[in-house]
Structures are given as structure tokens and as C-alpha cells.
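Summary of structural features
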Amino acid sequence: GAGVSQSPSNKVTEKGKDVELRCDPISGHTALYWYRQSLGQGLEFLIYFQGNSAPDKSGLPSDRFSAERTGGSVSTLTIQRTQQEDSAVYLCASSETSGGAYEQYFGPGTRLTVT
Amino acid sequence: GQNIDQPTEMTATEGAIVQINCTYQTSGFNGLFWYQQHAGEAPTFLSYNVLDGLEEKGRFSSFLSRSKGYSYLLLKELQMKDSASYLCAVSGDSNYQLIWGAGTKLIIKP
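A brief look at the structure comes next. Predicted model only: the values in this text are computed from it and were never measured.

Procedures and definitions
Residues numbered from 1 in each chain as written. Chains lettered and ligands numbered in written order. Predicted model: local features only at pLDDT ≥ 70, side-chain atom pairs only at ≥ 80, totals over all residues. Heavy atoms only, no water. Salt bridge = Lys/Arg side-chain N within 4 Å of Asp/Glu carboxyl O. Helix = DSSP H or I, 4+ residues; strand = E, 2+ residues; numbered from the N terminus. Buried < 20%, exposed > 50% of the residue type's maximum accessible area, 1.4 Å probe, protein only. Pairing = 2+ DSSP bridges. 1 Å grid on protein atoms, 1.4 Å probe; cavity = no way out; pocket = protein on both sides within 12 Å on 5 of 7 lines; lining within 4 Å. Points joined across faces, edges and corners; volume = space filled by probe spheres on them. Nonpolar A, V, L, I, M, F, W, Y, C, P; charged D, E, K, R; others polar. Contact = heavy atoms within 4.5 Å.

**Here's the deal with the pattern of salt bridges**
Residues and elements named next belong to chain B. Under the criterion given, the structure shown has six salt bridges over all chains. A salt bridge links glutamate 56 to lysine 76, with the nearest nitrogen and oxygen atoms 3.8 Å apart. A residue pair is termed long-range when its members are at least 10 positions apart, and glutamate 56 in strand β6 (residues 53-57) and lysine 76 in the loop between β8 (70-75) and β9 (84-91) qualify at 20 residues. A residue is classified by how much of its surface remains accessible, and glutamate 56, at 56% relative accessible area, is exposed. Overall, lysine 76 belongs to the partly exposed group, its relative accessible area being 28%. Its salt-bridge partner being arginine 59, residue aspartate 82 comes within 2.8 Å of it at the nearest N-O pair.

**So, the pairing of strand β3 (residues 19-24) of chain A**
Regular strands have side chains that alternate between both faces of the sheet. Residues and elements named next belong to chain A. Only one face of β3 is buried: it carries Val19, Leu21 and Cys23, and the other face, with Glu20, Arg22 and Asp24, is open. Here β3 runs beside strand β8 (residues 75-79); their pairing, made up of five bridges, is antiparallel. Along β8, the bridge assignment pairs glutamate 20 with threonine 78.

**Describing the layout of surface pockets**
The computed volume of the largest pocket comes to approximately 710 Å³. Around the largest pocket, the lining is made up of 33 residues, and of these Gln37, Leu39 and Gly40 of chain A together with Ala39 and Gly40 of chain B lie nearest the centre. Among the secondary structure elements, those contributing two or more residues to the lining of the largest pocket are β9 (88-95) and β11 (110-114) of chain A together with β9 and β11 (104-109) of chain B. The leading source of residues in the lining of the largest pocket is β11 of chain B, at four residues. Its residues placed into classes, the lining of the largest pocket shows 13 nonpolar, 17 polar and three charged.

**Examining the side chain of serine 95 of chain A**
Examined against the element boundaries, serine 95 of chain A turns out to sit in strand β9. Each residue touching serine 95 of chain A, except ones within four places of it in the same chain, is listed here: His29, Thr30, Ala31, Tyr33, Tyr102, Glu103 and Gln104 of chain A.

Remember, this is a structural readout, not a statement about activity or role.
Given below as C-alpha cells:
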């Protein structure tokens, strides 16, 4: 079946502009995660959704970052007034449900470059 | 605090065996994952350990000792395509959030 998809694959934007990153999880997966990965670094947790609810937004770096999920499926991560330090690869993952034993399936990521 | 340690980089020879270690200190433990990430690609699942011992899956094996807060990933008969980063992640107290190590970049030489 189809895996996790993300769009766009690459985004170059000017400092101060807003960007929207999209994630389409595996059908039927109720849990959805957003991560950020800078070059050569590990994964930085941003936000988690169970269904349409986001019980944990503690990883969002600032109030310029927001995310939503509709219909228990597609999620959008929005970054307002982008800064150069926002440049990174943004990865989305989904799993059947939350819980320690459930494998997370990752999308290919969106490479964001802020100039 | 919660912490996962892995070596930053390792080098091995094609056809050989390599062991990548991961030590962790977390609040609670509900399992440990290993993921493989090729450069420019998304991480892909390799293994999951929740009980002590060795889990073997083809050329790859993963070991866990909960009392020591220690795991390793063993790769046998190394191939050039095994050149990648290997990420260790632990499921702790949180019922959804994994704690991720920074990853070990494995370089395979002919």
C-alpha cells in the first residue's frame, strides 16, 4: 500500500515568509508525528497527533510554528515569518496508534531552505 | 534527564562484522528501536526490542540489556549499501514520544 507522503519535497523561501508543509499518513494510522532534522543531527520531536487532537505541542520551537490535522488524516505544519535557523528537513511519521511498541513509518521529508 | 548515546561515526570493511552500541538513560522503558537512514532519505525501521536478549533478522541482529541500559545493533557480511546512519530510539514513560539518539554514521570501505 501507499506509504507516508509529504509535499513539497523541497522548499526555498525568503526570510520572513510563511510556509506550509503537508503530510499524508498511511491510511488508517491514527498517530502522526512531526520531526525536524538538521544536517548531521538526530531527530527533534515537534508535535504529535492522535486523531485530530494534538496532546503534546511541547516540541514546537516557537509560536511561529503551528500544526493541524483534519479528518484524522492529512496534517499541515505551518511556519510563519520564517527565519534562517528554520532551515532543516521536516519529517512526518505515522503509526497505527500511539504506544511504545508501534513502529513509526516516515515520509521522505521536506527540505526547507530559508534564504 | 533523558539521554541516548551512540558513537558519532564508525568505519568497517565490506564483508566484515560491525557492532553499533547504544546506551540510554530514560524515565521508564517500553522498548528500543533501531532505524536505518540513508543520506537524504527517511529513516526506515530495522528492529524493536522490549525483552532482554538477541533478536536476529537476516544479516542484522539487535541485542538489549535493560538492567544495563544498553543495546547494540550487529551487522554481518557488510555490503556497501549498508553505508548509512543508524538511529537508536527508546520508548520511555510517554506513551507516544520516542527519545532519539543522534545516530551513528557507518562508512563501509571496499
